[in-house]
Amino acid sequence: MLRPGIIDAGGIGWVVRYCGEYPAGSEVSLHITSVWGRTGELVLYGFATPEEQEVFVALSKAPRVGASVALALLRYHGSEGVAEKLRSRDAAGLARAPGVGRKTAETIIATVNLREDLVGTAGTDPLVGALVGLGYTEVEARSRLVVARATGATDEGELLKL
């Protein structure tokens, strides 16, 4: 089930949609991805692992596949299950997820290119994605992280407090 939660990042509260059970007020670490919604709003999605985030982003880029279909696939198959179905080109297996039909599954198989060597590891720095979601360009985000890391910051919270 997808839940909304408020994440405090440097004193700013962000509404993030995530899967999972976290007690209210607990400290969690999520890998954040931003998506522009149909009505023009910026929607943030949080994932427990970089693999889930990577699969979500790859699926979301396919035609006729939005966040809801990508999340349905992740909830039903998990990131490794989706990756395996993509590697084996198993459209019927993908279509078993609720809300995913045969044509959508075939489109995903034809268009999503998860490099096999990236499945199981993050393809990009998730902190760059978080900063881009906050409005920085990718170049600005990367340069700010280089400076932050050079000053000795190692914790994700410290790195985001530029």
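This text follows the structure it describes.
Residues numbered from 1 in each chain as written. Predicted model: local features only at pLDDT ≥ 70, side-chain atom pairs only at ≥ 80, totals over all residues. Heavy atoms only, no water.

1. With respect to the side chain of Ser 79
Step number 1: As for its placement among the helices and strands, Ser 79 is situated in helix H2 (residues 67–87).
Step number 2: Assessed through its relative accessible area of 13%, Ser 79 is described here as buried. (Helix = DSSP H or I, 4+ residues; strand = E, 2+ residues; numbered from the N terminus. Buried < 20%, exposed > 50% of the residue type's maximum accessible area, 1.4 Å probe, protein only.)

2. Observations regarding the side chain of His 77
Step number 1: Its location among the elements puts His 77 in helix H2.
Step number 2: Among the polar contacts made by the side chain of His 77, one reaches the main-chain carbonyl oxygen of Gly 93 at a distance of 3.0 Å.
Step number 3: Not counting residues within four places of it along the chain, the set of residues in contact with His 77 comprises Val 82, Lys 85, Gly 93, Leu 94 and Ala 97. (Polar contact = N/O pair within 3.5 Å; in protein donor to acceptor, adjacent residues only side chain to side chain. Contact = heavy atoms within 4.5 Å.)

3. With respect to the pattern of salt bridges
Oppositely charged side chains can form a pair if their charged atoms are brought close together.
Step number 1: Applying the stated criterion across every chain, the model contains two salt bridges.
Step number 2: When the shortest N-O distance is used, the salt bridge between Glu 84 and Arg 87 registers 3.1 Å. Of this pair, Glu 84 and Arg 87 are both found in helix H2, three residues apart, which corresponds to roughly one turn of the helix. (Salt bridge = Lys/Arg side-chain N within 4 Å of Asp/Glu carboxyl O.)

4. Digging into unusual backbone geometry
Step number 1: Despite not being glycine, Arg 89 shows a phi value in the positive range, around 55°.
Step number 2: Within the secondary structure, Arg 89 is located in the loop between H2 and helix H3 (91–94).
Step number 3: Given the relative accessible area of 55%, Arg 89 is considered exposed.

5. Digging into the nonpolar core
Step number 1: Within the largest apolar cluster, 25 residues are counted, with the highest numbers of intra-cluster contacts made by Phe 56, Leu 59, Leu 73, Leu 94 and Ile 108.
Step number 2: Elements supplying a minimum of two residues to this core: strand E4 (42–47), helix H1 (50–60), H2, H3 and helix H4 (102–111).
Step number 3: The element best represented in this core is H2, accounting for eight residues.
Step number 4: Among residues more than four places away in sequence, those in contact with Leu 94 are Leu 73, His 77, Val 82, Lys 85, Leu 86, Val 100, Ala 105, Ile 108 and Ile 109. (Core = buried A, V, L, I, M, F, W, Y, C linked by side-chain atoms within 4.5 Å.)

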